[in-house]
Protein chains: 4
Amino acid sequence: MTTAELELATTATSTLSGTPTMKALVYHGPGKRAWEHKPRPTIQEPGDAIVRITTSTICGTDLHILKGDLPAVTEGRILGHEGIGTVEQVGTGVSEFHVGDKVIISCVTACLKCDFCKRGMYSHCRRGGWILGYTIDGTQAEYVRIPQADGSLYSFPPDGDEEALVMLSEILPTGFECGVLNGQVKPGDTVAIVGAGPIGLAVLLTAQFYSPATIFMIDLDDKRLAVAKKFGATNLINSADGHAAHRLMELTEGAGVDVAIEAVGLPATFAICQEIVGAGGRIANVGVHGKPVELHMEKLWDRNISLTTRLVDTATTPMLLKVVRSGKLQPGKLVTHRFVMNDIMKAYDTFGNAAKEGALKVVLTNGGSRS
Amino acid sequence: MTTAELELATTATSTLSGTPTMKALVYHGPGKRAWEHKPRPTIQEPGDAIVRITTSTICGTDLHILKGDLPAVTEGRILGHEGIGTVEQVGTGVSEFHVGDKVIISCVTACLKCDFCKRGMYSHCRRGGWILGYTIDGTQAEYVRIPQADGSLYSFPPDGDEEALVMLSEILPTGFECGVLNGQVKPGDTVAIVGAGPIGLAVLLTAQFYSPATIFMIDLDDKRLAVAKKFGATNLINSADGHAAHRLMELTEGAGVDVAIEAVGLPATFAICQEIVGAGGRIANVGVHGKPVELHMEKLWDRNISLTTRLVDTATTPMLLKVVRSGKLQPGKLVTHRFVMNDIMKAYDTFGNAAKEGALKVVLTNGGSRS
Amino acid sequence: MTTAELELATTATSTLSGTPTMKALVYHGPGKRAWEHKPRPTIQEPGDAIVRITTSTICGTDLHILKGDLPAVTEGRILGHEGIGTVEQVGTGVSEFHVGDKVIISCVTACLKCDFCKRGMYSHCRRGGWILGYTIDGTQAEYVRIPQADGSLYSFPPDGDEEALVMLSEILPTGFECGVLNGQVKPGDTVAIVGAGPIGLAVLLTAQFYSPATIFMIDLDDKRLAVAKKFGATNLINSADGHAAHRLMELTEGAGVDVAIEAVGLPATFAICQEIVGAGGRIANVGVHGKPVELHMEKLWDRNISLTTRLVDTATTPMLLKVVRSGKLQPGKLVTHRFVMNDIMKAYDTFGNAAKEGALKVVLTNGGSRS
Amino acid sequence: MTTAELELATTATSTLSGTPTMKALVYHGPGKRAWEHKPRPTIQEPGDAIVRITTSTICGTDLHILKGDLPAVTEGRILGHEGIGTVEQVGTGVSEFHVGDKVIISCVTACLKCDFCKRGMYSHCRRGGWILGYTIDGTQAEYVRIPQADGSLYSFPPDGDEEALVMLSEILPTGFECGVLNGQVKPGDTVAIVGAGPIGLAVLLTAQFYSPATIFMIDLDDKRLAVAKKFGATNLINSADGHAAHRLMELTEGAGVDVAIEAVGLPATFAICQEIVGAGGRIANVGVHGKPVELHMEKLWDRNISLTTRLVDTATTPMLLKVVRSGKLQPGKLVTHRFVMNDIMKAYDTFGNAAKEGALKVVLTNGGSRS
């Protein structure tokens, strides 16, 4: 038997023990991951839905988890918080979705009923928030259990493209909400985005909803800057020499930017944002930070700036869906590599060497092939 | 001749040399100030007005200048950026004010024509901003030259009280704009003000425009906290033991506050704000900072908070005047000590020992007595 | 047997036929209402709760229904959309409330899951909105079925006063949301409220959250104006002579008001709002209108005004609860008459003659006495 | 001598009587206009500038004036409120502009000092607002006097195109401020613009700053609709049959639009807006109305809509300039016809027959040829 045949056989016999199984990408402690058999998820609460994953993708955060940076993730956890799929089963409390519905899975679980959800701050939902592939099993699998399904799934549009729309699970709402909305990008603005990785590029794509006049993209990697240029950046600054802030200030004749968006998560990139924000400007943080930063209040106290942080709420998903459907946003651009889910171990290798591989988003499909 | 007679005589003969003089509080380098004769100011630009000061006051910033903390202030500078007075002379470009008008002097000079002024950001006016008693001569004198008078003066209302309204020169707009507006205080909010000095109390008074449900006042000094209680604080926390943040978190059952307002300007007080701000909350900085602070982005990145800084624009002065006139705000409450201007040296001594003297705002009047 | 005894007996035997009954105020077509036996409501959907009413009240809209103005109300309907009570039973989908919880019933039913609910526009909930006592049975009864209970009930605070908090079912959120929030009342503003009935007074009470400098109250009835004075109106205008707008314009020296709030629902009162709104001002409509009005676009097109309409969403209920609990709002002031529920027919008579009786809100209690 | 030579001679001798003259388009009562000699304007107030016009254009409002619809316009008035030119002379109070500066003339005169100007509501400036070519002489001439020049002129950018930027005098800020900003167009929105004349097309161009998903353009004229299509409208509805609203409601499956923008100024077009605005939507009025309209409050009172009116403030001119310079807006598209200023009588004929001539904006240049 070939491996494929073996896998097929395994699936076929997956109910031998009475518990149907599936294949999933499982975290086994720092540095260890495996694509292995796990029991298929089942309905546990009335608000649950079971979704069969057709498309998923890997997030930079998944790499952080694998490094052991997020100790809340325990061994045995199935990773992944992004995905498109088909509803297989729903609990008695689910009213918005039915078996057979094609859905976009949001990375954020929202009960819709708690005080935070009522304010649209789903990220801090008292029963949810970001839990998928973090404190509960995630989407890099054949099936996933989605708690609070009515608040955590979105209908996949009839004319949608899975590869494009899986970007709505997390990366696009993150760039848009944390970067663009919090940064209050306006027509005619001068914007700088620090970090041209997938998330910085998601900021770049969605910042253009508001017609800023100038978008500086700042990164260490010329290849990524070249991509940014194609995606609409008007000015590129390679920050490798440590003079990015200085250069930007020259180019803006000392005015700085209206909006500086941090899309990396390091003290050094955060420092650039502080140096380039103009009086009356906004710093919008998107990056995930692991350490404190030095905030130069002795320079900023009288500059009338605002600084924002945010875990994505995904509350703008319906708006983003409308913009995608209108053709004004093509999130599929972010996809550089494609794998079938069975090759997810290779996909991780590619994504883990993003710079070398020129990888942005790596898409995984469960296509016709079942494990 | 007594000193007083001598001074009177001096004034009487003040035009001997052809230049009329006046008395003024002059900075002579760190630690040195004198109440001495200076030439009366004259019109230099078409937009100038000369105002005869009837009431002034001392700001904490004046003490900073005297310590030498603001090197932009050069020796020989007349201090003071707050005052009420009567227009004595106007340049040809002044259209809103006439000789004899009673006016409130704003601490911020606004040309109204530059890009920042057009955005209402007078603090960064390209020809003004805070310059009074800083880079040009100020209001702790008998006369002051006010550049850009049309944008920098406000009509004193017919039924106004000078002692109350001199608080509109700086302290009330500062508390209101930097603390309350930037903090977006809303009905029902839980607010914490860190620092119960004059500026913190100005925040406290104006925060109540928006009917927050709870206002915590945090300070080291029980006397100031007692004042805060009288001014409307609902909860007091003495931070002397270093556990203020912990105590507040207990009192709010872990929720923290909707708005944390920093009204001191030190890393330690700024740190308290970071610890107590709830998810989705705002930190509004009012204090003047001399050093960087540590910003705990590793804890805040996913908390959906905003942090704002601001040099007062005084753009809300007309609004504040309306509220004062309606009786809903009594800024006179902030006045604890009164001196005639000739005793300004003593007034500085008192204000310089604010804690011991129980001093909040110290009012100076040029009343009937001329130097 | 007295009537009371008879009623008591009836209740005692209410399970005779197997269906428990209760007393309720039932609409029997225009002009006809009765306090009569009806089957007790039961759980029909997983999201339902059954609430035993302890306090209710009558709304002006109930009178409209009785006149036959709202043809969507069919014969046999139990009226009432305001109430406080205790949860008796919950469906399997209810997660926020449990048997025994004391609750405030919102006049608006919100599923929290539809597009409108997600925008906080519960009034247009695709499964709810205003349905209680309108298209489904209401709260003027001993028991009521509340669909979508998780979105339509609010926890009654431990220290709450039922009589005060029943005002949060509808009248306070209506005044606040439709009048004050939509009118964007700001500190220092000049506000006019047209109509000093219960809803206009609710606007008056909640407008003061934002410290307007001046509040004109305009009404035909001096008694109601006198109440408005006690509730915080600064200026009263009796509009009986048809010159209210003219008078207000004189008093504001031609400036008009920043915010004109229509709290009646007639072309004539709407016309006053158009005449008195200043350039840059807002007209916020609260009144329920039965006819078109003439909008003087030939005068208003260049006046930079906004005009808003709104069916209350009750999304601000948590905020209002906080303000009430802080003591800054005493909604109990609106209550002028009290009846036990068994006397609801008399209560309607009183409320129906509000002007003569000096009635504002009439409170009904199911107190200790069971029917 | 040819006519041209004669004119040249006239100009050459224009100082014969001591008063230099110029050619100008003069209103002589309803239906009467002439291109004739008038004295050149001179500085009257310190804030004045004299601008030599290089480019101007004709506005629909000029046609209204010629019909006699605006009785405030007196005989002898030079028309025109749009223009580009060069500063020839400035008063002593002008600080932002100097002789030789190339400028965009705003249709709105702003003193920057009054209460309305400080709020950015230049349209209601106590010393200005729309006065040019209305209550004072305008820009359809060789020279114009611009009062309050510092607030009423904008620097022409070095790389600017006069024909494109003259659209910033009025039509673009009008479309943007009154239609797009007041309508709060957001990414993903469904927008309808009623009226595809120049102003409706200006709305269409600037609405796209915010990436709405769908833009319906509604007009009677298929030619104009075809232009709208080219300019970015996604759906066209010819309203000639009176069923435009019905059609739109079908196309939106009963939802209606998020924003309905009235760009005509008639009761019938205003009525369409009322019929198509969805719950929670906005009606933004741009059209100039001569009559009252019927507002269906009996249908709208519970629909949570807002309706706005506005005379353009031109406060967004700096923002619009930035967007034009970034290439994201090409206002030159609006220009269909070009004339030298000497042919302005013909230009009026063309613009007066806009439908037949297919005219949108008609540009007039004072080019090299002097009258």
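Caption draft 1: Representation of the sheet that holds strand S12 (residues 277-285) of chain A in the model. Pairing in this open sheet of 12 strands is mixed, and the strands run S10(A)-S9(A)-S8(A)-S11(A)-S12(A)-S14(A)-S14(B)-S12(B)-S11(B)-S8(B)-S9(B)-S10(B) from one edge to the other. Each end of this open sheet is capped by a strand with a single partner; those strands are strand S10 (235-238) of chain A together with strand S10 (235-238) of chain B. Averaged over all adjacent pairs, the angle separating strand axes in this sheet is 15°, with direction ignored. Two strands pair when backbone bridges link them, and strand S14 (residues 306-308) of chain A and strand S14 (residues 306-308) of chain B are joined in this way by 3 bridges, in the antiparallel orientation. The residue bridging Ser306(A) from the neighbouring strand is Thr308(B), located in S14(B). Of the strands in this sheet, strand S8 (190-194), strand S9 (214-219), S10 and strand S11 (257-262) of chain B touch helix H9 (residues 244-251) of chain B, which is tilted by about 150° from S10(B).

Caption draft 2: Structural detail: the side chain of Arg310(C). The topology assignment puts Arg310(C) in the loop between strand S14 (306-308) and helix H12 (317-325). For Arg310(C), a relative accessible area of 15% puts it in the buried group. A distance of 2.9 Å separates the side chain of Arg310(C) from the side chain of Asp313(C), its partner in a polar contact. With near-sequence residues (within four places) excluded, Arg310(C) lies in contact with Glu177(C), Cys178(C), Leu181(C), Asn182(C), Asn285(C), Trp301(D), Asp302(D) and Asn304(D).

Caption draft 3: Spatial organisation of the relation of the copies chain A and chain B. Superposition record for chain A on chain B: RMSD 0.0 Å, screw rotation 180°, translation along axis 0.0 Å. Taken together, the turn and the small shift mark the pair as related by a two-fold rotation axis. A shared interface surface links the copies, since 100% of the contact residues of chain A are contact residues in chain B too.

Caption draft 4: Inspection of the sheet that holds strand S10 (residues 235-238) of chain D at higher detail. Read from one edge to the other, the open sheet built from 12 strands follows the order S10(C)-S9(C)-S8(C)-S11(C)-S12(C)-S14(C)-S14(D)-S12(D)-S11(D)-S8(D)-S9(D)-S10(D), with strand pairing classed as mixed. The open sheet has two edge strands, strand S10 (235-238) of chain C together with S10 of chain D, and neither has a second partner. Ignoring which end each strand starts from, the neighbouring axes of this sheet average 15° apart. The pairing of strand S9 (residues 214-219) of chain C with S10(C) spans 4 bridges and is classified as parallel. For Ile218(C), the partnering residue across the bridge sits in S10(C) and is Ile237(C). Against the sheet, helix H9 (residues 244-251) of chain C makes contact with strand S8 (190-194), S9, S10 and strand S11 (257-262) of chain C, and its axis sits at roughly 150° relative to S10(C), the strand it touches most.

Caption draft 5: Focus on helix H13 (residues 344-352) of chain A. All names here are of chain A. Taken together, the buried positions of H13 are occupied by Ile344, Ala347, Tyr348, Thr350 and Phe351. Here the buried residues of H13 occupy an arc of 160° about the axis, which is enough to place them on one side. Next to the buried residues of H13 lie strand S1 (21-27), strand S2 (33-39), helix H2 (60-67), strand S15 (335-340), helix H14 (354-357) and strand S16 (361-365).

Caption draft 6: Quick peek at unusual backbone geometry. Residues and elements named next belong to chain B. In this structure, glutamine 148 takes a positive phi of about 50° despite not being glycine. Its place among the elements puts glutamine 148 in the loop between strand S6 (143-146) and helix H4 (149-152). Accessibility expressed as a relative area gives 25% for glutamine 148, which makes it partly exposed.

Caption draft 7: Quick look at the interface of chain A and chain B. Between chain A and chain B, the residue contacts involve 34 residues of the former and 34 residues of the latter. With both sides pooled, the region where chain A packs onto chain B buries about 2,900 Å², and carbon together with sulfur makes up 61% of that total. Counting the surface chain A buries against chain B, the share from its top three residues, Trp301(A), Asn304(A) and Thr309(A), is 24%. Our count for the contact surface shared by chain A and chain B stands at 0 salt bridges.

Caption draft 8: Summary view of the interface of chain C and chain A. If you look at the interface, chain C gives 10 residues, while chain A gives 10 residues. Here chain C packs against chain A, burying approximately 1,100 Å² in sum over the two surfaces, 43% of which is carbon and sulfur. Taken as a group, Leu112(C), Lys113(C) and Lys118(C) account for 49% of the area that chain C buries against chain A, more than any other trio of residues on that side. The interface formed by chain C and chain A includes 4 salt bridges. Among the salt bridges present, the one from Lys113(A) reaches Asp150(C), with a minimum N-O distance of 2.4 Å. Inspection of the chain C/chain A interface yields 8 residue pairs in polar contact (both at pLDDT 80 or more). Split into classes, the residues belonging to the side of chain C that touches chain A amount to 3 nonpolar, 2 polar and 5 charged.

Caption draft 9: Local environment of the confidence of the model for chain A. On average, chain A scores 94 in pLDDT, and the residues at 70 or more come to 94%. Per-residue pLDDT stays below 50 along residues 1-14 of chain A; that stretch engages in 12 contacts with residues further than four places along the chain or on separate chains.

The rules behind these values
- Residues numbered from 1 in each chain as written.
- Chains lettered and ligands numbered in written order.
- Predicted model: local features only at pLDDT ≥ 70, side-chain atom pairs only at ≥ 80, totals over all residues.
- Heavy atoms only, no water.
- Pairing = 2+ DSSP bridges.
- Helix = DSSP H or I, 4+ residues; strand = E, 2+ residues; numbered from the N terminus.
- Axes fitted to C-alpha atoms, helices over the stretch in contact; angles between N-to-C directions.
- Contact = heavy atoms within 4.5 Å.
- Buried < 20%, exposed > 50% of the residue type's maximum accessible area, 1.4 Å probe, protein only.
- Polar contact = N/O pair within 3.5 Å; in protein donor to acceptor, adjacent residues only side chain to side chain.
- Least-squares fit on C-alpha atoms with pLDDT ≥ 70 in both.
- Arc of directions from axis to C-beta.
- Buried area = accessible area lost by both parts, 1.4 Å probe.
- Salt bridge = Lys/Arg side-chain N within 4 Å of Asp/Glu carboxyl O.
- Nonpolar A, V, L, I, M, F, W, Y, C, P; charged D, E, K, R; others polar.
- pLDDT = per-residue confidence, 0-100.

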